[in-house]
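The chain contents come next:
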Amino acid sequence: MIIVMKPKAPKESLEHIVNVIRTSGLDAHLSEGKEVTIIGVVGDKSLLKLSNLEIAPDVDKIVPITESYKLSNRKFHPDPTSIQVGSASIGPDSLTVMAGPCAIESEEQLILIAKSVKKAGATFLRGGAYKPRTSPYSFQGLEEEGLRYMKKAKEETGLATVCEVISAESLDAAVKYVDMVQIGARNMQNFQLLRQVGQSGIPVLLKRGLSSTIDEWLNAAEYIIAEGNSNVVLCERGIRTYETATRNTLDISAVPVLKSKTHLPVIVDPSHASGVRAYVPPLAKCAVAAGADGLMIEVHNNPACALSDGPQSLTFAQFDELTRELKAYAALSGRSF
Ligand code: PEP
Ligand code: MN
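Computed from a prediction, not measured in an experiment: that's the story for all the values here.

Calculation rules
Residues numbered from 1 in each chain as written. Chains lettered and ligands numbered in written order. Predicted model: local features only at pLDDT ≥ 70, side-chain atom pairs only at ≥ 80, totals over all residues. Heavy atoms only, no water. Axes fitted to C-alpha atoms, helices over the stretch in contact; angles between N-to-C directions. Helix = DSSP H or I, 4+ residues; strand = E, 2+ residues; numbered from the N terminus. Left-handed = near helix turned anticlockwise from the far one by under 90°. Contact = heavy atoms within 4.5 Å. Nonpolar A, V, L, I, M, F, W, Y, C, P; charged D, E, K, R; others polar. Near = heavy atom within 4 Å. Polar contact = N/O pair within 3.5 Å; in protein donor to acceptor, adjacent residues only side chain to side chain. Areas by Shrake-Rupley, 256 points an atom, 1.4 Å probe, with all protein chains shown as cover. Pairing = 2+ DSSP bridges. Expected span 1.5 Å × (residues − 1). Buried < 20%, exposed > 50% of the residue type's maximum accessible area, 1.4 Å probe, protein only.

Asks: Any chance you could explain the packing of helix α3 (residues 107-120) against helix α4 (residues 144-157) here in plain terms?
Replies: How two helices sit against one another is set out by the angle between their axes and by the gap between those axes. Orientation of α3 relative to α4, taken along the N-to-C sense of each, is 40°, at an axis distance of 9 Å. As α3 packs across α4, the resulting crossing turns out to be right-handed. Contacts between α3 and α4 involve Glu107, Leu110, Ile111, Ala114, Lys115 and Lys118 from the first element and Tyr149, Met150, Lys152, Ala153, Glu156 and Thr157 from the second. Across the contact of α3 with α4, the residue classes break down as 6 nonpolar, 1 polar and 5 charged.

Asks: Please explain the site of ligand 1 as it appears in this structure.
Replies: Around ligand 1, a shell composed of Arg126, Lys131, Glu164, Gln182, Gly184, Ala185, Arg186, Lys207, Arg237, His272 and Glu298 is seen. Lys131 is positioned such that a nitrogen or oxygen atom in its side chain is 2.8 Å from an oxygen atom of ligand 1. At 2.6 Å from an oxygen atom of ligand 1 is found a side-chain nitrogen or oxygen belonging to Arg237. Notes on ligand 1: free accessible area 290 Å², of which the protein chains cover 97%. In terms of residue class, the shell around ligand 1 is made up of 1 nonpolar, 3 polar and 7 charged.

Asks: What's the story with the sheet that holds strand β4 (residues 59-63) in this structure? I'm lost.
Replies: Hydrogen bonds between backbone atoms are what pair the strands of a sheet, whose relative direction is either parallel or antiparallel. One open sheet accounts for 4 strands, arranged β2-β3-β1-β4; its pairing is antiparallel. At either margin of the open sheet sits one strand with a lone partner, and together these are β2 (27-32) and β4. Adjacent strand axes in the sheet meet at a mean angle of 20°, parallel and antiparallel pairs treated alike. Where β2 lies against strand β3 (residues 37-42), 6 bridges are found, and the strand directions are antiparallel. Note that in β3 the partner of Glu32 across the bridge is Thr37.

Asks: Before we go on, may I ask you to explain α3 in this structure?
Replies: In an α-helix, one turn spans 3.6 residues, which is why side chains three or four residues apart end up on the same side. Between its first and last C-alpha atoms α3 spans 20 Å; for 14 residues at 1.5 Å apiece the expected length is 20 Å, and the two agree. Taken together, the buried positions of α3 are occupied by Gln109, Leu110, Ile111, Ile113, Ala114, Ser116, Val117 and Ala120. Those residues of α3 hidden inside the fold are in contact with β7 (96-100), β8 (124-126), α4 and α11 (316-332).

Below you can see the structure in the form of structure tokens.
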């Protein structure tokens, strides 16, 4: 439920409402817009005497929220959220590009890639230290050693860093080295891990599950925010369909749908969505045109020899060309890049 206050309602009226909510044993969340303040109520509504709120001064209307996700709901927070991560930000005014290898392979490789993607306009370095691979015999990542290289790459380039975590142990390690943790598609509904990243307070990039609906995804975000961590960014990375020409099917409609349902920033990963290098640039442009706040793109110094996801990784030259082309798309979308 949300309580919409009358335009320019005085502070005392807001405090009164918050007080009524909290003394009834529920939680109140304020979203202060330019004109109107909205107070969101979380908890068991049966504890609340609605008539106390209806007659309170400066209340315009009380609107029930039927969706199970509340804190991530756009009705709770009508303005889009901007999230600061290290030296970078993700939000409605800019196009944020995260780029880097699928897996961190060595310190030299990571720093080489970091310098190149930074020059091309990326503000985030991505790289996997804990790789959730389909086959147990595939390269599983350098683990904590990889995280150390991420920290080094950040020190050398100033890029913000993001790394996937797959367990409580990897989360404990990652918070010491990187600016943001990624929950990958395979763990989107690992509810215990979602709670743990929520408790850690570190910004979270939450990828869409392989076969998850948008509502399931927003409920996953709710698990994190309900623990007090509202620094959540959603990443559409393709879903499973009957189509086999691409690794997954990029659900481009997820971008405008999410924009209407949530205030959280939304980025798109055309690399895992397509699995094919040649399809990455057109899908990236499409994502920006659809309203995405950013992109996550795999880039490798030598894709033919990559230990993971080489076929979908762009070369330095291809990434350079793409970021040059993206400038026009960003400008058309009213975003700086
Ligand atoms: C990744 O970003 O390296 C990754 C494994 O992605 P996803 O979870 O989307 O498959
Ligand atoms: Mn990958």
